[in-house]
Amino acid sequence: MFDTISMIGLGYIGLPTATLFASRRKKVIGVDINQHTVDTINQGKIHIVEPELDMLVQAAVTAGNLRATTKPEPAEAFLIAVPTPFTDGHKPDLSFIEAAAQAIAPVLAKGNLVILESTSPVGTTEKLAEWLAQARPDLSFPQQAAEAADIQIAYCPERVLPGRVVHELVSNDRVIGGMTRTATYMAAALYKIFVAGDLVATNARTAEMCKLTENSFRDVNIAFANELSMICDKLSINVWELIALANRHPRVNILQPGAGVGGHCIAVDPWFIVDTTPDEARIIRTAREVNDHKPEWVLHKVKAAIVDVLAKKPGSTMADIKVACLGLAFKPDIDDLRESPALEITQHIVQLGCKVMAVEPNIKALPGKMTSSNLGLTVLEDALGNADVVCVLVKHKPFIEAVEGVRRHSQVIDAAGLFA
Ligand code: SAJ
C-alpha cells in the first residue's frame, strides 16, 4: 500500500513531510503553485530555512524519489498542507484548501486516500469532502458511502516546532481523525512509513479541534503571563521573580511574558475557535486580545522612557533620541521576522521619528520593506554604547551572554525578561 504519495503545498510542513516519505524510498510527487519553489526543489535545494532539511531534500531528489511539479498527478495518497490564514475580522480563509481540492479532484481514482494537514476550523474536512464530491460525481466519498467509499478522507494535524521540524515530524505522536474507520486505518498505515511516535485514532472533527486546542492552550497561558506582567508593573513587582517563585508550587507552571505573541500559529489558530463558537469561546477570545495588546503596552513604556530622556536634554527633539531595539524575530534564536511583535514595536518607534538601532544577530540585513532613513541594523556593542533608550524585545542567546553590558545601561525596558 502507498508506493506513490502526493504532497500538495511544499512549505514549512509540506516539504519536510514529502521528503521524509521520499527518504523511506516512496515515490513522492510534490505539488506547489509557485514555479520558483518547484524549480528550487527539483535542483535538490530548499527555499525555506530548516535544519537538516537541505541534505534530506538533496538526497531524495538525487535518488529520484522526490519530484516537484505545479500540476497534480495520479497517486495513491494525497496530503494537503496549504496555508489557512484569516481575513479581516479574524474569519478563516479556506480558499487555499478549496483550490487544492479543485486541483487534485481530476486525478483522484478509486482507492485513494486524501489527508488534510492544514490547521483548520472544525468541519473543514467535511467541506473538503463536499468540494471533492462535487468535482467528481463519478466517485463515492465518505459522506455518501462511509466505509465503502471510493475515496477515503482523514484529518491529521502537524504539531512540529519550527527549527525542530525534521526531528519532531518523526518523533511526535500524531492524532489521526478519519471521516470513517477505514480512513483512520489507511492514514495510520501511511504515517507509519516514517513516524516513530504513537498514531492515535479519533474522528476528523476531534482531530481538527485538537490542533486548535493545543495552540489555544498555549495562547491562554501566555496571556495569563502577559496580564501578570502588566499587573506587576503597576504594583512595582518583578514579574519574572514572581513567576519563578509561583512555579515552585508543584501544580503551578506559568509561562513567560514577552513583547507579545507572534508567529503564524498561536496568534491565529484560537480565532478559528472564536469564529465557530463566538458566544462560548470567551477566555480564548480574551487571551487573544490580551496578547495582541501587549506590543502596544511595551510601546507605551518606550514612549514614557523617551519623554524622560527628552526632559533631561533641554532643546532636544525626537530626531535626537536614539533607541536600541534588541531582537526583531518572533521568538528567541530564530531568523523569522514574520508576524513578529518585536518587529511591530520597532516599526512604531521608527514612526515616532527617533533614530532606531535594531540589533538582530540572526539576520544579515533588514528586510526590504523596513527601509527608513532613521533605522539601521547594528551590533549590540554599538547599540548599547550609543542609545538613549534600550528596549529588549526578544531574549536571544547572544543578549543573555552580554546581559551585564545591557544591565549597565541607564534606560532599559526589558519586555523579554532578559534580566530574569
Ligand atoms: N511566547 C511567549 N511566552 C512563552 C512562550 C512563547 O511570549 O512562554 C511567544 C513566543 O515568543 C512567540 C509565540 O509565543 O512569539 C509563539 O511561540 P511558540 O514557541 O509558543 O510557538 P510556535 O508558534 O513556534 O509553534 C507552535 C507550537 N505549538 C505549541 O507549542 C502548542 C508548535 O508545536 C506547533 O506545531 C506550531 O505552533 C504550529 O504549527 O501550530
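Residues numbered from 1 in each chain as written. Predicted model: local features only at pLDDT ≥ 70, side-chain atom pairs only at ≥ 80, totals over all residues. Heavy atoms only, no water.

### A word on the pairing of strand β10 (residues 199-203)
Each regular strand displays side chains that alternate between the two surfaces of the sheet. As paired elements, strand β9 (residues 174-178) and β10 share five bridges and run parallel to each other. In the strand pairing of β10, Ile176 is matched with Ala201. Following the chain from β9 across helix α8 (residues 181-191) to the adjacent parallel β10, one finds a crossover that is right-handed. (Pairing = 2+ DSSP bridges. Helix = DSSP H or I, 4+ residues; strand = E, 2+ residues; numbered from the N terminus. Right-handed = clockwise from strand over helix to strand, strands pointing away.)

### Considerations on the sheet that holds strand β13 (residues 375-377)
Taken in spatial order, the five strands line up as β13-β12-β11-β14-β15 in an open sheet, and their pairing is parallel. This sheet does not close on itself; its edge strands, each paired only once, are β13 and β15 (412-414). Strand after strand, the sheet turns through a mean of 20° between neighbouring axes, direction not considered. Pairing analysis gives three bridges linking strand β12 (residues 355-359) to β13, with the strands arranged parallel. The partner of Val356 across the bridge, within β13, is Leu375. (Axes fitted to C-alpha atoms, helices over the stretch in contact; angles between N-to-C directions.)

### Remarks on the site of the ligand
Close contacts around the ligand come from 20 residues, with Val160, Lys211, Asn215, Arg218 and Phe330 the closest. Within the contact set of the ligand, an oxygen atom lies 3.1 Å away from a side-chain nitrogen or oxygen of Glu158. Contact distances for the ligand include 2.9 Å between an oxygen atom and a backbone N or O atom of Gly262. A total of 770 Å² of accessible area belongs to the ligand in isolation, and the protein chains cover 85% of it. With five residues, the top contributor of residues to the shell around the ligand is helix α9 (residues 204-234). Residues belonging to the shell around the ligand are distributed by class as follows: nine nonpolar, four polar and seven charged. Taken domain by domain, the shell around the ligand gets at least three of its residues from each of domain 1 (4-197) and domain 2 (238-414). (Near = heavy atom within 4 Å. Polar contact = N/O pair within 3.5 Å; in protein donor to acceptor, adjacent residues only side chain to side chain. Areas by Shrake-Rupley, 256 points an atom, 1.4 Å probe, with all protein chains shown as cover. Nonpolar A, V, L, I, M, F, W, Y, C, P; charged D, E, K, R; others polar. Domains from an automatic or database assignment.)

### Looking at the domain arrangement of the protein
Under the domain assignment, the protein is made up of domain 1 (4-197) and domain 2 (238-414). If you look at the interface, domain 1 gives 12 residues, while domain 2 gives 11 residues. With both chains or domains summed, domain 1 and domain 2 bury close to 1,000 Å², and 64% of this area falls on carbon and sulfur atoms. When residues of domain 1 are sorted by the area they lose upon contact with domain 2, Phe86, His90 and Thr119 head the list and together hold 40% of the total. Counting across the domain 1 and domain 2 interface gives one salt bridge. A salt bridge links Lys91 to Asp275, with the shortest nitrogen-to-oxygen separation between them at 2.6 Å. Connecting domain 1 to domain 2 are two residue pairs in polar contact (both at pLDDT 80 or more). In the side of domain 1 that touches domain 2, the residues fall into seven nonpolar, four polar and one charged. (Contact = heavy atoms within 4.5 Å. Buried area = accessible area lost by both parts, 1.4 Å probe. Salt bridge = Lys/Arg side-chain N within 4 Å of Asp/Glu carboxyl O.)

### Brief notes about the side chain of Ser118
In this structure, Ser118 sits in the loop between β7 (113-116) and α5 (124-135). From its side chain, Ser118 meets the backbone oxygen of Val82 in a polar contact 2.7 Å long. Those residues in contact with Ser118, other than ones at most four positions away along the chain, are Ile80, Ala81, Val82, Thr84, Ile97 and Tyr155.

### Some remarks on the nonpolar core
Leu66, Ile115 and Leu190 are the most contacted members of the largest nonpolar core, which has 40 residues in total. Ala287, Ala358, Ile363 and Val389 belong to the second-largest nonpolar core, a separate cluster that totals 37 residues. (Core = buried A, V, L, I, M, F, W, Y, C linked by side-chain atoms within 4.5 Å. Buried < 20%, exposed > 50% of the residue type's maximum accessible area, 1.4 Å probe, protein only.)

### So, the environment of Val261
Its location among the elements puts Val261 in the loop between α10 (239-246) and α11 (269-276). On the basis of relative accessible area, Val261 is assigned to the buried category, the value being 13%. Val261 sits 31 residues away from Asp292 along the chain, and the two C-alpha atoms are 7.0 Å apart. Apart from residues no more than four positions distant in its own chain, Val261 is found in contact with Asp219, Ile222, Ile266, Ala267, Arg288, Asn291 and Pro341.

### Points about the pairing of β7
Here β7 shows a buried face lined by Leu113 and Ile115 and a second buried face lined by Val114 and Leu116. Bridge analysis of strand β4 (residues 77-80) against β7 gives four bridges, and the strand direction is parallel. Looking at the pairing, Ile80 lines up with Leu116 of β7. Across four bridges, the pairing between β7 and strand β8 (residues 152-155) is parallel. Among the inter-strand pairings, Leu113 is bridged to a residue of β8, identified as Gln152.

### Observations regarding helix α13 (residues 341-352)
For α13, with 12 residues, the first-to-last C-alpha span of 17 Å sits near the 16 Å given by 1.5 Å per residue. When we look at burial in α13, the residues that qualify are Pro341, Ala342, Leu343, Ile345, Thr346, Ile349 and Val350. In this structure, the buried side of α13 is in contact with α12 (282-312), β11 (322-326), β12 and β13. Where α13 starts, the residue carrying a side-chain oxygen 3.2 Å from the main-chain nitrogen of Ala342 turns out to be Ser340. Gly353 occupies a position one or two residues after α13 and carries a positive phi of about 100°. (Expected span 1.5 Å × (residues − 1).)

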